[in-house]
Amino acid sequence: MVGLVVVSHSHDAASGIVEVAAQMAGEDASIVAAGGEADGGIGTSAPRIGEAIEAADDGDGVAVLVDLGSAVMNADLAIESGSVDAEIADAPVLEGAVEAAVEASAPDATLAEVVEAAERAWDTRKLG
């Protein structure tokens, strides 16, 4: 199963997004939060993101959802430094995480399909 990592500058935000996405995807989903700095402050950490990617991987790859600027930079660094097949989805973090989690719950989903599902979340309308 394709894993997911949610990267946010806030530990609480990343954890909350993971909670919502996991409810939509079911028990078997591998979704890991990587939020905040190691000291609990606001920010992102490439080593923390790398650990989350490793934890989420079961061999089918990991889709990474990010919130803001340095989250992208640190996620790129973590992916380049690691050995897991991982890809950042260019998607809104909450909606993308939910769409990706639902797609990833299919037993035959590929990393490319999960990333595409996350990126389709740009089309999600909240008002008519």
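For the structure, check the block above.
Now for a description of the structure that goes with this document. (Residues numbered from 1 in each chain as written. Predicted model: local features only at pLDDT ≥ 70, side-chain atom pairs only at ≥ 80, totals over all residues. Heavy atoms only, no water.)

1. Regarding the nonpolar core
Now for step 1: Formed by 24 residues in total, the largest nonpolar core has its most connected members in L4, V6, I31, L65 and V114.
Now for step 2: Listing elements by their share of this core, those giving two or more residues are β1 (3-8), α1 (11-25), β3 (62-66), α4 (93-104) and α5 (111-120).
Now for step 3: Excluding residues that lie within four positions of it along the chain, L4 makes contacts with S30, I31, V32, A56, V62, A63, L65, A97, A100, A101 and V114.
Now for step 4: Counting residues in hydrophobic clusters, the runner-up holds 16 residues, among them V7, I49, A56 and V84. (Core = buried A, V, L, I, M, F, W, Y, C linked by side-chain atoms within 4.5 Å. Buried < 20%, exposed > 50% of the residue type's maximum accessible area, 1.4 Å probe, protein only. Helix = DSSP H or I, 4+ residues; strand = E, 2+ residues; numbered from the N terminus. Contact = heavy atoms within 4.5 Å.)

2. Brief notes about a negative patch on the surface
Now for step 1: A cluster of acidic residues, D85, E87, D90, D108, E113, E116 and E119, forms a negative patch at the surface.
Now for step 2: Looking at the element boundaries, E87 is found in strand β4 (residues 86-89).
Now for step 3: Here E87 falls in the partly exposed class, since its relative accessible area comes to 36%. (Patch = residues over 30% accessible without salt bridge, like charges linked within 9 Å, V, L, I, M, F, W, Y side chains within 5 Å. Areas by Shrake-Rupley, 256 points an atom, 1.4 Å probe, with all protein chains shown as cover. Salt bridge = Lys/Arg side-chain N within 4 Å of Asp/Glu carboxyl O. Lys, Arg positive; Asp, Glu negative; His and termini not counted. Charge placed at Lys NZ, Arg CZ, Asp CG, Glu CD.)

3. A few points about the environment of A101
Now for step 1: Topologically, A101 is positioned in helix α4.
Now for step 2: For the pair formed by A101 and I31, sequence separation is 70 residues and the distance between their alpha carbons is 7.8 Å.

4. Looking at the side chain of N74
Now for step 1: In this fold, N74 is placed in helix α3 (residues 69-81).
Now for step 2: Among all residues touching N74, those that are not within four sequence positions of it are T44, S45, A46 and I49.

5. Digging into α3
Now for step 1: Look at α3: 19 Å from first C-alpha to last across 13 residues, which is about the 18 Å you get at 1.5 Å a residue.
Now for step 2: Taken together, the buried positions of α3 are occupied by A71, N74, A75, A78 and I79. Along the long axis of α3, the arc covered by the buried residues comes to 140 degrees, so they all point the same way. α3 presents G69, M73, E80 and S81 as exposed residues on the side facing more than 90 degrees away from its buried surface. (Expected span 1.5 Å × (residues − 1). Arc of directions from axis to C-beta.)

6. Comments concerning the pairing of β3
Now for step 1: Where burial is concerned, most of β3 is hidden: five out of the five residues are buried.
Now for step 2: Here β1 pairs with β3 via five bridges, running parallel. Its bridge partner being in β3, G3 is matched across the sheet by V62.
Now for step 3: Across four bridges, the pairing between β3 and β4 is parallel. Bridge pairing in β4 places V64 opposite I88.
Now for step 4: You can see the chain leave β3, run along α3 and come back into β4, and the turn it takes is right-handed. (Pairing = 2+ DSSP bridges. Right-handed = clockwise from strand over helix to strand, strands pointing away.)

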